[in-house]
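Below, each chain spelled out in residue letters.
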Amino acid sequence: MDTQPVRIFLAITSLILAGGLSTAKAQSPPYSGAMPTQGPSTLDYLTAVDSLSAASIREALLTVWQHGLNPSVYWSNELEQSFLRGTLDADFDRRQILAVYVKALRDVYAGSVNPTGLASDIKVKKKDFLTAEQVRLVVLSSQSNARLALDKLAPQFSVYQSLKMAMQKLYPLMEAGLWESITPARKPLSLGKKDPVIIKLKERLRQLGYRIDSMNDTFDQDMLIAINDIQLNLKMKPDGVISPGGRTWKFFSVSLPDRLRQLQADMEQLRWFPQHLEDRHIFVNTAFSHFMMTDKKNNISMSFKAINGTAERKTPTLRDRITFLVMNPTWTIPPTVFLNDKVEILKKLDTKGIRKYFTDNRFEVYTADFSRTIDPTSIDWKSIKSSSVNFYIRQKPSYNNALGVVKFMMTNPYAIYLHDTNQRDLFGEAQRLRSSGCVRLEKPLDLAEYLLAGTQWSRPQIENFVVKEGQLVDQETRVDLKEPMPVYLVPVTSQMNSDGVIRFVEDVYGHNQLILSQVKGLGR
(Lines give C-alpha, C1' and ligand atoms only; values in the text may rest on other atoms or scores of the structure.)
Protein backbone atom coordinates (compact mmCIF):
# COMPACT_ATOMS: atom_id res chain seq x y z
CA MET A 1 0.00 0.00 0.00
CA ASP A 2 1.30 3.46 -0.90
CA THR A 3 1.91 5.33 2.40
CA GLN A 4 2.53 8.80 0.95
CA PRO A 5 -1.19 9.83 0.86
CA VAL A 6 -1.58 8.50 4.40
CA ARG A 7 1.25 10.70 5.66
CA ILE A 8 -0.21 13.72 3.86
CA PHE A 9 -3.62 13.03 5.33
CA LEU A 10 -2.28 12.58 8.86
CA ALA A 11 -0.50 15.93 8.66
CA ILE A 12 -3.68 17.65 7.48
CA THR A 13 -5.81 15.88 10.08
CA SER A 14 -3.44 16.94 12.86
CA LEU A 15 -3.82 20.55 11.75
CA ILE A 16 -7.60 20.23 11.66
CA LEU A 17 -7.76 18.72 15.14
CA ALA A 18 -5.46 21.43 16.46
CA GLY A 19 -7.55 24.14 14.83
CA GLY A 20 -4.74 25.28 12.57
CA LEU A 21 -6.39 24.65 9.23
CA SER A 22 -9.90 25.36 8.06
CA THR A 23 -11.85 22.53 6.51
CA ALA A 24 -12.37 24.49 3.33
CA LYS A 25 -8.61 24.31 2.68
CA ALA A 26 -8.10 20.75 3.87
CA GLN A 27 -7.45 19.32 0.41
CA SER A 28 -5.25 16.31 -0.33
CA PRO A 29 -4.82 13.65 -2.98
CA PRO A 30 -7.54 11.00 -2.66
CA TYR A 31 -6.66 7.92 -0.65
CA SER A 32 -8.22 4.63 -1.69
CA GLY A 33 -6.97 2.24 1.00
CA ALA A 34 -8.87 0.98 4.04
CA MET A 35 -8.70 3.21 7.11
CA PRO A 36 -5.98 2.00 9.51
CA THR A 37 -7.20 0.99 12.96
CA GLN A 38 -3.88 1.63 14.66
CA GLY A 39 -1.21 4.27 14.40
CA PRO A 40 -0.83 7.90 15.47
CA SER A 41 -3.24 9.35 18.05
CA THR A 42 -5.10 11.28 15.38
CA LEU A 43 -6.17 8.01 13.81
CA ASP A 44 -7.21 6.70 17.21
CA TYR A 45 -9.68 9.58 17.49
CA LEU A 46 -10.99 9.03 13.96
CA THR A 47 -11.50 5.37 14.76
CA ALA A 48 -13.37 6.35 17.93
CA VAL A 49 -16.04 8.18 15.92
CA ASP A 50 -16.02 5.98 12.82
CA SER A 51 -19.36 4.38 13.69
CA LEU A 52 -21.12 7.69 12.99
CA SER A 53 -22.76 8.24 9.62
CA ALA A 54 -22.00 11.24 7.42
CA ALA A 55 -25.63 12.37 7.76
CA SER A 56 -25.48 12.25 11.54
CA ILE A 57 -22.22 14.20 11.65
CA ARG A 58 -23.60 16.76 9.21
CA GLU A 59 -26.64 17.34 11.42
CA ALA A 60 -24.43 17.77 14.49
CA LEU A 61 -22.08 20.24 12.82
CA LEU A 62 -24.85 22.31 11.24
CA THR A 63 -26.48 22.74 14.66
CA VAL A 64 -23.27 23.40 16.59
CA TRP A 65 -24.36 27.07 16.79
CA GLN A 66 -26.35 26.01 19.86
CA HIS A 67 -23.00 25.86 21.63
CA GLY A 68 -21.84 29.20 20.31
CA LEU A 69 -19.70 27.68 17.57
CA ASN A 70 -19.94 28.70 13.94
CA PRO A 71 -21.07 25.72 11.79
CA SER A 72 -19.04 26.91 8.79
CA VAL A 73 -15.81 26.37 10.74
CA TYR A 74 -16.55 22.65 10.69
CA TRP A 75 -18.96 21.92 7.83
CA SER A 76 -17.56 23.66 4.78
CA ASN A 77 -19.30 24.36 1.49
CA GLU A 78 -17.08 21.73 -0.10
CA LEU A 79 -18.27 19.10 2.35
CA GLU A 80 -21.87 20.11 1.78
CA GLN A 81 -21.46 19.75 -1.99
CA SER A 82 -19.83 16.34 -1.52
CA PHE A 83 -22.70 15.31 0.73
CA LEU A 84 -25.31 16.43 -1.79
CA ARG A 85 -23.47 14.57 -4.56
CA GLY A 86 -23.34 11.48 -2.40
CA THR A 87 -19.55 11.24 -2.63
CA LEU A 88 -18.73 11.36 1.08
CA ASP A 89 -18.13 7.63 1.10
CA ALA A 90 -14.79 8.26 -0.57
CA ASP A 91 -12.09 7.44 1.96
CA PHE A 92 -10.47 10.86 2.05
CA ASP A 93 -13.78 12.69 2.46
CA ARG A 94 -14.77 10.20 5.11
CA ARG A 95 -11.63 10.95 7.08
CA GLN A 96 -12.11 14.65 6.61
CA ILE A 97 -15.59 14.72 8.10
CA LEU A 98 -14.44 12.52 10.98
CA ALA A 99 -11.54 14.92 11.60
CA VAL A 100 -13.70 18.04 11.68
CA TYR A 101 -16.21 16.28 13.90
CA VAL A 102 -13.46 15.40 16.39
CA LYS A 103 -12.35 19.04 16.25
CA ALA A 104 -15.91 20.10 17.10
CA LEU A 105 -15.94 17.66 20.02
CA ARG A 106 -12.65 19.06 21.23
CA ASP A 107 -13.84 22.67 20.91
CA VAL A 108 -17.16 22.10 22.65
CA TYR A 109 -15.42 20.21 25.46
CA ALA A 110 -12.40 22.42 26.16
CA GLY A 111 -12.97 25.57 24.11
CA SER A 112 -11.35 26.70 20.89
CA VAL A 113 -9.54 29.62 22.56
CA ASN A 114 -6.58 28.95 24.82
CA PRO A 115 -7.06 31.04 27.98
CA THR A 116 -3.37 30.83 28.93
CA GLY A 117 -1.86 34.25 28.40
CA LEU A 118 -5.10 35.73 27.06
CA ALA A 119 -5.24 38.32 29.85
CA SER A 120 -3.33 38.79 33.09
CA ASP A 121 -6.51 38.38 35.17
CA ILE A 122 -7.42 35.02 33.58
CA LYS A 123 -5.85 32.40 35.83
CA VAL A 124 -7.02 29.20 34.15
CA LYS A 125 -5.42 26.87 31.64
CA LYS A 126 -6.95 25.06 28.71
CA LYS A 127 -8.34 21.66 29.60
CA ASP A 128 -6.88 18.48 28.20
CA PHE A 129 -9.17 16.67 25.79
CA LEU A 130 -10.58 13.24 26.50
CA THR A 131 -8.68 10.17 25.40
CA ALA A 132 -9.74 8.45 22.18
CA GLU A 133 -11.17 5.58 24.22
CA GLN A 134 -13.28 7.99 26.28
CA VAL A 135 -14.58 9.57 23.09
CA ARG A 136 -15.44 6.15 21.72
CA LEU A 137 -17.44 5.33 24.86
CA VAL A 138 -19.35 8.62 24.59
CA VAL A 139 -20.24 7.83 20.97
CA LEU A 140 -21.38 4.34 21.92
CA SER A 141 -23.53 5.66 24.77
CA SER A 142 -25.10 8.11 22.30
CA GLN A 143 -26.28 5.24 20.06
CA SER A 144 -24.32 6.60 17.11
CA ASN A 145 -26.11 9.96 17.31
CA ALA A 146 -23.40 12.53 16.55
CA ARG A 147 -25.40 15.47 17.83
CA LEU A 148 -26.15 13.73 21.14
CA ALA A 149 -22.49 12.78 21.57
CA LEU A 150 -21.45 16.39 20.99
CA ASP A 151 -24.05 17.62 23.50
CA LYS A 152 -22.71 15.17 26.06
CA LEU A 153 -19.19 16.59 25.78
CA ALA A 154 -20.33 20.17 26.36
CA PRO A 155 -20.36 21.59 29.92
CA GLN A 156 -23.30 20.14 31.79
CA PHE A 157 -23.62 22.65 34.63
CA SER A 158 -26.59 24.99 34.80
CA VAL A 159 -24.83 28.28 33.94
CA TYR A 160 -23.68 26.91 30.59
CA GLN A 161 -26.90 25.02 29.84
CA SER A 162 -28.97 28.14 30.47
CA LEU A 163 -26.86 30.05 27.93
CA LYS A 164 -27.41 27.23 25.46
CA MET A 165 -31.17 27.70 25.96
CA ALA A 166 -30.75 31.44 25.39
CA MET A 167 -28.84 30.73 22.18
CA GLN A 168 -31.59 28.37 21.03
CA LYS A 169 -34.09 31.14 21.63
CA LEU A 170 -32.25 34.02 19.93
CA TYR A 171 -30.35 32.44 17.02
CA PRO A 172 -33.53 31.43 15.11
CA LEU A 173 -34.66 35.07 15.29
CA MET A 174 -31.61 36.02 13.24
CA GLU A 175 -32.25 33.24 10.74
CA ALA A 176 -35.86 34.42 10.38
CA GLY A 177 -34.97 38.14 10.32
CA LEU A 178 -37.24 38.87 13.28
CA TRP A 179 -34.94 41.21 15.23
CA GLU A 180 -35.72 44.68 13.86
CA SER A 181 -33.55 47.73 14.39
CA ILE A 182 -35.29 50.35 16.51
CA THR A 183 -35.03 54.06 15.77
CA PRO A 184 -34.84 55.96 19.09
CA ALA A 185 -37.65 58.29 20.06
CA ARG A 186 -36.89 62.00 20.17
CA LYS A 187 -38.35 62.44 23.64
CA PRO A 188 -38.09 60.53 26.92
CA LEU A 189 -40.40 57.55 27.32
CA SER A 190 -41.82 56.72 30.73
CA LEU A 191 -44.85 55.18 32.41
CA GLY A 192 -48.09 56.27 30.75
CA LYS A 193 -46.47 57.77 27.66
CA LYS A 194 -47.63 56.76 24.16
CA ASP A 195 -45.41 56.43 21.12
CA PRO A 196 -45.40 54.12 18.07
CA VAL A 197 -41.84 52.99 18.87
CA ILE A 198 -43.10 51.48 22.14
CA ILE A 199 -44.64 48.62 20.16
CA LYS A 200 -41.20 47.70 18.81
CA LEU A 201 -39.67 48.05 22.27
CA LYS A 202 -42.26 45.72 23.71
CA GLU A 203 -41.56 43.18 20.99
CA ARG A 204 -37.85 43.30 21.85
CA LEU A 205 -38.67 42.81 25.52
CA ARG A 206 -40.80 39.80 24.65
CA GLN A 207 -37.99 38.37 22.57
CA LEU A 208 -35.75 38.63 25.64
CA GLY A 209 -38.33 36.81 27.72
CA TYR A 210 -39.92 39.65 29.68
CA ARG A 211 -43.63 39.40 30.39
CA ILE A 212 -45.52 41.87 28.21
CA ASP A 213 -49.28 41.29 28.16
CA SER A 214 -50.31 44.17 25.93
CA MET A 215 -48.62 45.00 22.63
CA ASN A 216 -50.13 48.48 22.28
CA ASP A 217 -48.19 51.76 22.05
CA THR A 218 -48.52 52.64 25.76
CA PHE A 219 -45.66 52.48 28.26
CA ASP A 220 -47.42 50.29 30.85
CA GLN A 221 -46.57 48.59 34.13
CA ASP A 222 -45.17 45.45 32.47
CA MET A 223 -42.82 47.59 30.43
CA LEU A 224 -41.79 49.59 33.51
CA ILE A 225 -40.81 46.41 35.38
CA ALA A 226 -38.73 45.25 32.41
CA ILE A 227 -37.01 48.62 31.92
CA ASN A 228 -36.12 48.85 35.62
CA ASP A 229 -34.62 45.36 35.44
CA ILE A 230 -32.54 46.28 32.38
CA GLN A 231 -31.30 49.44 34.07
CA LEU A 232 -30.25 47.47 37.14
CA ASN A 233 -28.24 45.15 34.88
CA LEU A 234 -26.69 48.21 33.27
CA LYS A 235 -25.60 49.14 36.83
CA MET A 236 -27.79 52.23 36.79
CA LYS A 237 -30.12 53.50 39.48
CA PRO A 238 -33.48 52.49 37.91
CA ASP A 239 -35.76 55.38 37.04
CA GLY A 240 -37.98 53.66 34.46
CA VAL A 241 -37.20 56.33 31.87
CA ILE A 242 -35.81 55.69 28.38
CA SER A 243 -34.01 58.94 27.58
CA PRO A 244 -32.84 59.89 24.06
CA GLY A 245 -29.16 59.03 23.70
CA GLY A 246 -29.08 57.33 27.10
CA ARG A 247 -27.69 53.97 28.09
CA THR A 248 -31.11 52.31 28.05
CA TRP A 249 -31.59 53.28 24.40
CA LYS A 250 -28.10 52.00 23.71
CA PHE A 251 -29.13 48.64 25.15
CA PHE A 252 -31.98 48.40 22.64
CA SER A 253 -29.73 49.44 19.76
CA VAL A 254 -27.43 46.40 20.10
CA SER A 255 -27.80 44.17 17.06
CA LEU A 256 -28.79 40.54 17.33
CA PRO A 257 -25.46 39.33 15.88
CA ASP A 258 -23.70 41.27 18.64
CA ARG A 259 -25.94 39.68 21.28
CA LEU A 260 -25.20 36.26 19.82
CA ARG A 261 -21.48 37.02 19.92
CA GLN A 262 -21.86 37.98 23.57
CA LEU A 263 -23.45 34.61 24.31
CA GLN A 264 -20.77 32.96 22.19
CA ALA A 265 -17.92 34.49 24.22
CA ASP A 266 -19.53 33.60 27.53
CA MET A 267 -20.07 29.97 26.48
CA GLU A 268 -16.47 29.78 25.32
CA GLN A 269 -15.01 30.85 28.64
CA LEU A 270 -17.29 28.48 30.55
CA ARG A 271 -15.77 25.61 28.56
CA TRP A 272 -12.44 26.34 30.25
CA PHE A 273 -13.85 24.86 33.44
CA PRO A 274 -14.74 21.24 34.28
CA GLN A 275 -17.52 19.68 32.26
CA HIS A 276 -19.31 18.85 35.51
CA LEU A 277 -18.95 21.22 38.43
CA GLU A 278 -18.87 19.59 41.83
CA ASP A 279 -22.24 18.73 43.39
CA ARG A 280 -21.29 21.23 46.07
CA HIS A 281 -19.72 24.46 44.86
CA ILE A 282 -19.78 28.26 44.80
CA PHE A 283 -20.08 30.19 41.53
CA VAL A 284 -19.56 33.96 41.60
CA ASN A 285 -20.56 35.72 38.40
CA THR A 286 -18.27 38.74 38.56
CA ALA A 287 -19.95 40.45 35.59
CA PHE A 288 -23.30 40.50 37.40
CA SER A 289 -21.67 40.74 40.88
CA HIS A 290 -23.73 37.81 42.04
CA PHE A 291 -23.01 34.88 44.39
CA MET A 292 -24.51 31.40 44.00
CA MET A 293 -23.92 28.34 46.17
CA THR A 294 -25.20 24.90 45.20
CA ASP A 295 -25.33 21.71 47.25
CA LYS A 296 -27.20 19.13 45.18
CA LYS A 297 -26.84 16.28 47.66
CA ASN A 298 -28.53 18.18 50.48
CA ASN A 299 -30.78 20.27 48.22
CA ILE A 300 -29.38 23.53 49.56
CA SER A 301 -28.75 26.67 47.57
CA MET A 302 -27.91 30.31 48.24
CA SER A 303 -28.13 33.33 46.01
CA PHE A 304 -27.29 36.90 46.95
CA LYS A 305 -25.39 39.99 45.89
CA ALA A 306 -21.63 40.34 45.77
CA ILE A 307 -19.15 43.17 45.33
CA ASN A 308 -16.06 42.48 43.24
CA GLY A 309 -13.16 44.12 41.46
CA THR A 310 -13.23 47.28 39.40
CA ALA A 311 -12.16 47.43 35.77
CA GLU A 312 -8.72 48.57 36.98
CA ARG A 313 -8.46 45.96 39.75
CA LYS A 314 -10.27 42.99 38.29
CA THR A 315 -11.31 39.95 40.26
CA PRO A 316 -9.37 37.21 38.46
CA THR A 317 -11.06 34.41 36.56
CA LEU A 318 -10.12 31.27 38.43
CA ARG A 319 -11.07 27.96 39.99
CA ASP A 320 -10.13 27.57 43.65
CA ARG A 321 -11.44 26.27 46.96
CA ILE A 322 -12.14 27.60 50.44
CA THR A 323 -10.07 25.68 52.99
CA PHE A 324 -10.65 27.68 56.18
CA LEU A 325 -12.54 30.61 57.68
CA VAL A 326 -11.21 33.44 59.78
CA MET A 327 -13.54 35.04 62.29
CA ASN A 328 -12.79 38.57 63.40
CA PRO A 329 -10.04 38.88 60.79
CA THR A 330 -7.21 41.33 60.64
CA TRP A 331 -6.57 43.04 57.33
CA THR A 332 -3.11 43.46 55.93
CA ILE A 333 -3.51 46.12 53.29
CA PRO A 334 -2.43 44.96 49.81
CA PRO A 335 0.42 47.08 48.35
CA THR A 336 -1.77 48.37 45.50
CA VAL A 337 -4.47 49.60 47.88
CA PHE A 338 -1.91 51.00 50.27
CA LEU A 339 -0.04 53.00 47.64
CA ASN A 340 -3.07 54.18 45.68
CA ASP A 341 -5.49 54.88 48.52
CA LYS A 342 -4.07 55.14 52.02
CA VAL A 343 -0.89 57.06 51.30
CA GLU A 344 -2.85 59.82 49.57
CA ILE A 345 -4.94 60.21 52.73
CA LEU A 346 -1.93 60.26 55.04
CA LYS A 347 -0.06 62.83 52.93
CA LYS A 348 -2.71 65.41 53.83
CA LEU A 349 -2.49 64.89 57.61
CA ASP A 350 -0.23 66.44 60.24
CA THR A 351 1.35 64.41 63.04
CA LYS A 352 -1.71 64.64 65.27
CA GLY A 353 -4.00 63.72 62.38
CA ILE A 354 -1.86 60.71 61.43
CA ARG A 355 -1.97 59.36 64.97
CA LYS A 356 -5.73 59.85 65.17
CA TYR A 357 -6.25 58.20 61.78
CA PHE A 358 -4.36 55.09 62.87
CA THR A 359 -6.11 54.94 66.24
CA ASP A 360 -9.62 55.46 64.88
CA ASN A 361 -9.18 52.83 62.17
CA ARG A 362 -7.25 50.40 64.39
CA PHE A 363 -4.31 50.46 61.98
CA GLU A 364 -0.80 49.39 62.99
CA VAL A 365 2.45 49.69 61.04
CA TYR A 366 4.64 46.59 61.00
CA THR A 367 8.15 45.96 59.75
CA ALA A 368 8.39 43.91 56.55
CA ASP A 369 8.94 40.71 58.57
CA PHE A 370 6.11 41.56 61.01
CA SER A 371 8.55 41.28 63.93
CA ARG A 372 7.71 44.66 65.47
CA THR A 373 5.48 47.71 65.11
CA ILE A 374 6.56 51.15 63.94
CA ASP A 375 5.27 54.51 65.13
CA PRO A 376 3.26 55.82 62.13
CA THR A 377 4.27 59.42 62.89
CA SER A 378 7.93 58.49 62.34
CA ILE A 379 7.30 57.84 58.64
CA ASP A 380 7.58 60.62 56.05
CA TRP A 381 4.30 59.89 54.26
CA LYS A 382 4.63 62.87 51.92
CA SER A 383 7.75 61.52 50.18
CA ILE A 384 6.93 57.84 50.24
CA LYS A 385 7.28 55.93 46.99
CA SER A 386 6.65 52.34 45.98
CA SER A 387 10.37 51.59 45.97
CA SER A 388 10.76 52.86 49.53
CA VAL A 389 7.96 50.84 51.15
CA ASN A 390 9.50 48.29 53.50
CA PHE A 391 6.64 47.91 55.94
CA TYR A 392 2.99 46.84 56.07
CA ILE A 393 -0.14 48.30 57.52
CA ARG A 394 -2.47 45.91 59.33
CA GLN A 395 -5.95 46.67 60.59
CA LYS A 396 -6.93 44.97 63.85
CA PRO A 397 -10.28 43.14 64.13
CA SER A 398 -13.47 45.14 64.57
CA TYR A 399 -16.97 45.35 63.18
CA ASN A 400 -15.68 48.14 60.93
CA ASN A 401 -12.63 46.23 59.71
CA ALA A 402 -12.47 46.35 55.90
CA LEU A 403 -12.98 42.57 55.84
CA GLY A 404 -15.91 42.71 58.24
CA VAL A 405 -16.27 39.91 60.78
CA VAL A 406 -15.45 36.85 58.66
CA LYS A 407 -13.33 35.96 55.64
CA PHE A 408 -13.21 32.77 53.59
CA MET A 409 -9.66 31.86 52.63
CA MET A 410 -8.71 30.18 49.37
CA THR A 411 -5.46 28.67 48.12
CA ASN A 412 -4.53 31.01 45.23
CA PRO A 413 -1.30 33.05 45.38
CA TYR A 414 -3.03 36.30 44.38
CA ALA A 415 -4.48 37.21 47.83
CA ILE A 416 -8.01 36.76 46.47
CA TYR A 417 -10.67 35.52 48.87
CA LEU A 418 -14.32 36.05 49.88
CA HIS A 419 -15.23 38.18 52.89
CA ASP A 420 -17.66 40.37 54.79
CA THR A 421 -17.24 44.14 54.53
CA ASN A 422 -17.58 47.30 56.58
CA GLN A 423 -19.35 48.99 53.62
CA ARG A 424 -22.53 46.96 53.90
CA ASP A 425 -24.69 49.72 52.43
CA LEU A 426 -23.04 49.22 49.01
CA PHE A 427 -25.08 46.07 48.40
CA GLY A 428 -28.03 48.38 47.80
CA GLU A 429 -26.21 49.89 44.82
CA ALA A 430 -26.62 48.66 41.23
CA GLN A 431 -22.94 49.33 40.50
CA ARG A 432 -21.02 46.83 42.62
CA LEU A 433 -17.67 46.69 40.81
CA ARG A 434 -15.99 48.41 43.73
CA SER A 435 -13.39 46.15 45.33
CA SER A 436 -9.67 45.74 44.74
CA GLY A 437 -10.13 42.18 43.52
CA CYS A 438 -11.53 40.22 46.44
CA VAL A 439 -15.23 39.35 46.61
CA ARG A 440 -17.40 40.88 49.33
CA LEU A 441 -20.54 38.95 50.29
CA GLU A 442 -23.96 40.31 51.14
CA LYS A 443 -24.72 37.44 53.55
CA PRO A 444 -21.38 36.14 54.83
CA LEU A 445 -22.79 34.64 58.03
CA ASP A 446 -25.21 32.51 55.99
CA LEU A 447 -22.25 31.04 54.14
CA ALA A 448 -20.29 30.57 57.37
CA GLU A 449 -23.23 28.76 58.93
CA TYR A 450 -23.49 26.42 55.95
CA LEU A 451 -19.76 25.66 55.75
CA LEU A 452 -19.55 24.97 59.48
CA ALA A 453 -22.72 22.87 59.72
CA GLY A 454 -22.18 19.79 61.84
CA THR A 455 -19.41 21.39 63.92
CA GLN A 456 -19.44 23.19 67.23
CA TRP A 457 -20.02 26.42 65.33
CA SER A 458 -23.81 26.76 65.18
CA ARG A 459 -25.37 29.97 63.88
CA PRO A 460 -25.98 31.35 67.42
CA GLN A 461 -22.38 30.53 68.37
CA ILE A 462 -21.04 32.26 65.26
CA GLU A 463 -23.14 35.36 65.92
CA ASN A 464 -22.09 35.46 69.57
CA PHE A 465 -18.42 35.06 68.70
CA VAL A 466 -17.97 37.63 65.93
CA VAL A 467 -17.27 41.14 67.08
CA LYS A 468 -20.21 43.54 67.34
CA GLU A 469 -20.27 47.26 66.61
CA GLY A 470 -18.39 49.03 69.37
CA GLN A 471 -16.59 45.88 70.54
CA LEU A 472 -12.86 45.39 70.14
CA VAL A 473 -10.76 42.24 69.96
CA ASP A 474 -7.06 41.85 69.31
CA GLN A 475 -6.81 38.44 67.69
CA GLU A 476 -8.41 36.65 64.77
CA THR A 477 -9.65 33.06 64.98
CA ARG A 478 -9.03 30.45 62.30
CA VAL A 479 -11.52 27.61 61.71
CA ASP A 480 -10.47 24.88 59.28
CA LEU A 481 -13.09 23.24 57.09
CA LYS A 482 -13.54 19.48 57.21
CA GLU A 483 -14.07 19.52 53.46
CA PRO A 484 -12.80 22.24 51.07
CA MET A 485 -15.45 24.19 49.19
CA PRO A 486 -14.87 24.60 45.42
CA VAL A 487 -15.16 28.17 44.17
CA TYR A 488 -15.47 29.54 40.62
CA LEU A 489 -14.99 33.23 39.80
CA VAL A 490 -16.08 33.99 36.22
CA PRO A 491 -17.30 37.20 34.47
CA VAL A 492 -20.28 35.83 32.50
CA THR A 493 -21.95 38.81 30.78
CA SER A 494 -25.19 37.05 29.81
CA GLN A 495 -27.57 34.78 31.64
CA MET A 496 -30.99 33.18 31.43
CA ASN A 497 -32.64 32.47 34.77
CA SER A 498 -35.61 30.31 35.69
CA ASP A 499 -37.95 33.19 34.84
CA GLY A 500 -37.00 32.75 31.18
CA VAL A 501 -35.55 36.25 30.81
CA ILE A 502 -32.26 36.65 28.92
CA ARG A 503 -30.20 39.35 30.59
CA PHE A 504 -27.04 41.10 29.44
CA VAL A 505 -24.48 43.28 31.19
CA GLU A 506 -21.55 45.21 29.80
CA ASP A 507 -18.20 43.48 29.31
CA VAL A 508 -16.36 45.66 31.83
CA TYR A 509 -13.43 43.24 32.18
CA GLY A 510 -12.97 43.07 28.39
CA HIS A 511 -12.79 39.27 28.12
CA ASN A 512 -15.42 38.97 25.40
CA GLN A 513 -13.48 41.16 23.01
CA LEU A 514 -10.35 39.08 23.51
CA ILE A 515 -12.20 35.81 22.98
CA LEU A 516 -14.15 36.97 19.93
CA SER A 517 -10.95 38.16 18.25
CA GLN A 518 -10.00 34.48 17.99
CA VAL A 519 -13.28 32.86 16.98
CA LYS A 520 -15.60 33.21 14.02
CA GLY A 521 -18.78 35.03 15.01
CA LEU A 522 -22.30 33.77 14.54
CA GLY A 523 -23.69 36.97 13.10
CA ARG A 524 -24.35 37.60 9.45
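Given the structure is predicted, the values throughout are model-derived calculations rather than measurements.

Conventions and cut-offs
- Residues numbered from 1 in each chain as written.
- Predicted model: local features only at pLDDT ≥ 70, side-chain atom pairs only at ≥ 80, totals over all residues.
- Heavy atoms only, no water.
- Helix = DSSP H or I, 4+ residues; strand = E, 2+ residues; numbered from the N terminus.
- Contact = heavy atoms within 4.5 Å.
- Lys, Arg positive; Asp, Glu negative; His and termini not counted.
- Charge placed at Lys NZ, Arg CZ, Asp CG, Glu CD.
- Axes fitted to C-alpha atoms, helices over the stretch in contact; angles between N-to-C directions.
- Parallel < 35°, antiparallel > 145°, perpendicular 65-115°, else oblique.
- Nonpolar A, V, L, I, M, F, W, Y, C, P; charged D, E, K, R; others polar.
- Pairing = 2+ DSSP bridges.
- Buried < 20%, exposed > 50% of the residue type's maximum accessible area, 1.4 Å probe, protein only.
- Phe/Tyr/Trp six-rings, centres within 6.5 Å; stacked < 30°, edge-to-face > 60°.
- Lys NZ or Arg CZ within 6 Å of the ring centre and 35° of its normal.
- pLDDT = per-residue confidence, 0-100.
- Polar contact = N/O pair within 3.5 Å; in protein donor to acceptor, adjacent residues only side chain to side chain.

Scanning the protein for helices and strands turns up 17 helices and 15 strands. The long-range share in the protein, meaning contacts at least 24 apart out of those at least 6 apart in sequence, stands at 69%. Positive and negative side-chain charges in the protein, numbering 66 and 55 respectively, have mean positions lying 3 Å apart.

Our focus in this paragraph is the packing of helix H13 (residues 335-346) against helix H14 (residues 351-360). The contact between H13 and H14 brings their axes to 10 Å, and the two run at 135 degrees. When the interaxial angle is binned, H13 and H14 end up oblique. On H14, the residues touching Lys342, Ile345 and Leu346 of H13 are Ile354, Tyr357 and Phe358. Residues that form the contact of H13 with H14 fall into these classes: five nonpolar, no polar and one charged.

Across six bridges, the pairing between strand S2 (residues 290-295) and strand S3 (residues 300-309) is antiparallel. Across the sheet, residue Met293 finds its bridge partner in S3, namely Met302. Hairpin connection between S2 and S3: a loop of four residues separates the two successive antiparallel strands, and Asn299 in this loop has a positive phi of roughly 55 degrees. Direction of pairing for S3 relative to strand S11 (residues 433-435): parallel, over a ladder of two bridges. By the bridge assignment, Asn308 is partnered in S11 with Leu433.

Okay, unusual backbone geometry next. Backbone geometry at Asn328 places phi at a positive 55 degrees, although glycine is not the residue there. Checked against the element boundaries, Asn328 lands in the loop between strand S4 (318-327) and strand S5 (331-332). Taking relative accessible area as the criterion, Asn328 reaches 3% and is therefore assigned buried.

Within a beta sheet, neighbouring strands are joined by backbone hydrogen bonds and run either parallel or antiparallel to one another. Reading across from one edge, S5-S8-S6-S7 is the order of the four strands in this open sheet, with antiparallel pairing throughout. Since the sheet does not close on itself, it has two edges, and those belong to S5 and strand S7 (373-374), each with one partner. Direction of pairing for strand S6 (residues 363-367) relative to strand S8 (residues 391-395): antiparallel, over a ladder of five bridges. Its bridge partner lying in S8, Tyr366 is registered against Tyr392.

A word on the packing of aromatic side chains. What the rule picks out here adds up to 17 aromatic pairs. Between the aromatic rings of Trp75 and Phe83, the centroid separation amounts to 6.3 Å while the plane-to-plane angle is 75 degrees, which identifies the pairing as edge-to-face. Looking at Trp75, the relative accessible area reads 5%, which means it is buried. Pairing Phe338 with Phe391 gives two aromatic rings, centres 5.8 Å apart and planes at 85 degrees, and the pair type is edge-to-face. Remark: Phe391 occurs in strand S8 and Phe338 occurs in helix H13; sequence separation between them is 53 residues. What makes Phe338 buried here is its relative accessible area of 5%. Residue Phe391 is classed as buried on the basis of its relative accessible area, which comes to 9%. An aromatic cluster is defined as three or more aromatic residues linked by ring pairs; in this entry it consists of Phe338, Tyr357, Phe358, Phe363, Trp381 and Phe391. For the cation-ring pair, Lys123 lies above Tyr414, with the distance from its terminal atom to the ring centre recorded as 4.5 Å. Its end group placed over the ring of Phe504, Arg259 keeps NZ or CZ at 4.4 Å from the ring centre.

This part covers the confidence of the model for the protein. Of the residues in the protein, 92% have a pLDDT of 70 or more, and the chain-wide mean is 91. Under a pLDDT of 50 for its full length, residues 20-40 has, in the predicted model, 53 contacts with residues more than four places off or in other chains.

Attention now goes to the side chain of Ser435. Tracing the backbone shows Ser435 in strand S11. According to the relative accessible area criterion, Ser435 is buried, its value standing at 4%. At a separation of 3.0 Å, a polar atom in the side chain of Ser435 contacts the main-chain amide nitrogen of Gly309. In this structure the side chain of Ser435 is engaged in a polar contact, spanning 2.6 Å, whose partner is the backbone oxygen of Cys438. With sequence-adjacent residues up to four places away left out, Ser435 is seen in contact with Ile307, Asn308, Gly309, Thr310, Arg313, Thr315 and Arg440.

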